[in-house]
Amino acid sequence: MKRNLILLLAAIGIIAVLMIVGNVLVIGERLARIHVWLEYAFYAFIGFLVTVYILLPVIRVLRTSPLPPLDEETLADAAPGRLHAIGMMLAKNNGYISDKAQRKAHREALTAFLAQHQST
């Protein structure tokens with residue numbers, strides 16, 4: 001049942017993508033009737049949008065470092081150095097904070113907290 005649902009959703013997704021690509025090609029051909037450079041500019045604009053809104057977010061997700069599972073058993077068995085390394089990884093990967101000053105303050109506060117608790 002679950003496999004059939006996944007196949008059905010994949011088929012619907014493929015059909016939707018093909019319809020969108022077909023419409024983009026039709027629009028590009030109509031723009032070519034006006035001037036060839038309009039067609040090229042339109043395709044460049046569509047390529048830019050696909051890159052910015054689809055490819056770059058996918059690349060950012062694939063490049064993020066995975067966090068280890070944090071449960072009581074893992075934390076009890078983990079060495080303090082390992083927990084400090086996880087904390088430093090969290091401090092370095094805070095690009096989700098859009099304000100640069102706030103991002104820097106958050107990184108410094110977390111780094112100071114980790115330095116303080118590593119020595120105790």
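Residues numbered from 1 in each chain as written. Predicted model: local features only at pLDDT ≥ 70, side-chain atom pairs only at ≥ 80, totals over all residues. Heavy atoms only, no water.

Asker: Run through the overall build of the protein chain, naming residues and quoting values.
Answerer: Helix and strand counts for the protein chain stand at five helices and zero strands. Counting every position in the protein chain, which comprises 120 residues, the buried fraction comes to 9%. Once local pairs closer than 6 in sequence are excluded, the contacts in the protein chain between residues at least 24 apart make up 16%. Total accessible area on the protein chain is roughly 10200 Å²; 69% of this is exposed by carbon and sulfur atoms. (Helix = DSSP H or I, 4+ residues; strand = E, 2+ residues; numbered from the N terminus. Buried < 20%, exposed > 50% of the residue type's maximum accessible area, 1.4 Å probe, protein only. Contact = heavy atoms within 4.5 Å. Areas by Shrake-Rupley, 256 points an atom, 1.4 Å probe, with all protein chains shown as cover.)

Asker: Got a sec to walk through the packing of aromatic side chains? Specific residues and values, please.
Answerer: Counted by the stated rule, this structure contains two aromatic pairs. Geometrically, the ring pair formed by Trp-37 and Tyr-40 is edge-to-face, given 5.3 Å between the ring centres and 80° between the ring planes. In this pair, Trp-37 and Tyr-40 both sit in helix H2 (residues 36–63), three residues apart, roughly one turn of the helix. The exposure class of Tyr-40 is partly exposed, given its relative accessible area of 44%. Residues Phe-42 and Tyr-43 carry aromatic rings whose centres are separated by 6.0 Å and whose planes lie at 50° to one another, so their mutual orientation is tilted. Looking at Tyr-43, the relative accessible area reads 27%, which means it is partly exposed. (Phe/Tyr/Trp six-rings, centres within 6.5 Å; stacked < 30°, edge-to-face > 60°.)

Asker: Before we move on, could you go through the environment of Leu-114 and cite the residues and values that matter?
Answerer: Note on placement: Leu-114 falls in helix H5 (residues 100–118). For Leu-114, a relative accessible area of 13% gives the class buried. When the C-alpha atoms of Leu-114 and Gly-87 are compared, they prove to be 6.9 Å apart, with 27 residues separating the residues in sequence. Those residues in contact with Leu-114 that lie beyond four places of it in its chain are His-84, Gly-87 and Met-88.

Asker: Break down H2 for me, with residues and values.
Answerer: The end-to-end C-alpha distance of H2 is 38 Å, a good match for the 40 Å that 28 residues give at a rise of 1.5 Å each. Of all the bends in H2, the greatest, near 40°, is centred on Thr-51. (Expected span 1.5 Å × (residues − 1). Bend = angle between axes of the 7 residues up to and from the residue.)

Asker: I'd like a description of the environment of Ala-109, backed by residues and values.
Answerer: Take Ala-109: it is sitting in helix H5. Taking relative accessible area as the criterion, Ala-109 reaches 47% and is therefore assigned partly exposed. With 18 residues separating them in the primary sequence, Ala-109 and Ala-91 have C-alpha atoms 8.9 Å apart.

Asker: Provide a residue-level description of the packing of helix H1 (residues 2–34) against H2, including the pertinent values.
Answerer: Contact geometry for H1 and H2: axes closest at 6 Å, N-to-C directions at 150°. Regarding the angle of H1 to H2, the classification is roughly antiparallel. Seen from H1, the contacting residues are Val-24, Leu-25, Ile-27, Gly-28, Glu-29, Leu-31, Ala-32 and Ile-34; seen from H2, they are Val-36, Leu-38, Glu-39, Phe-42, Tyr-43 and Ile-46. When its residues are assigned to classes, the contact of H1 with H2 shows eleven nonpolar, one polar and two charged. (Axes fitted to C-alpha atoms, helices over the stretch in contact; angles between N-to-C directions. Parallel < 35°, antiparallel > 145°, perpendicular 65-115°, else oblique. Nonpolar A, V, L, I, M, F, W, Y, C, P; charged D, E, K, R; others polar.)

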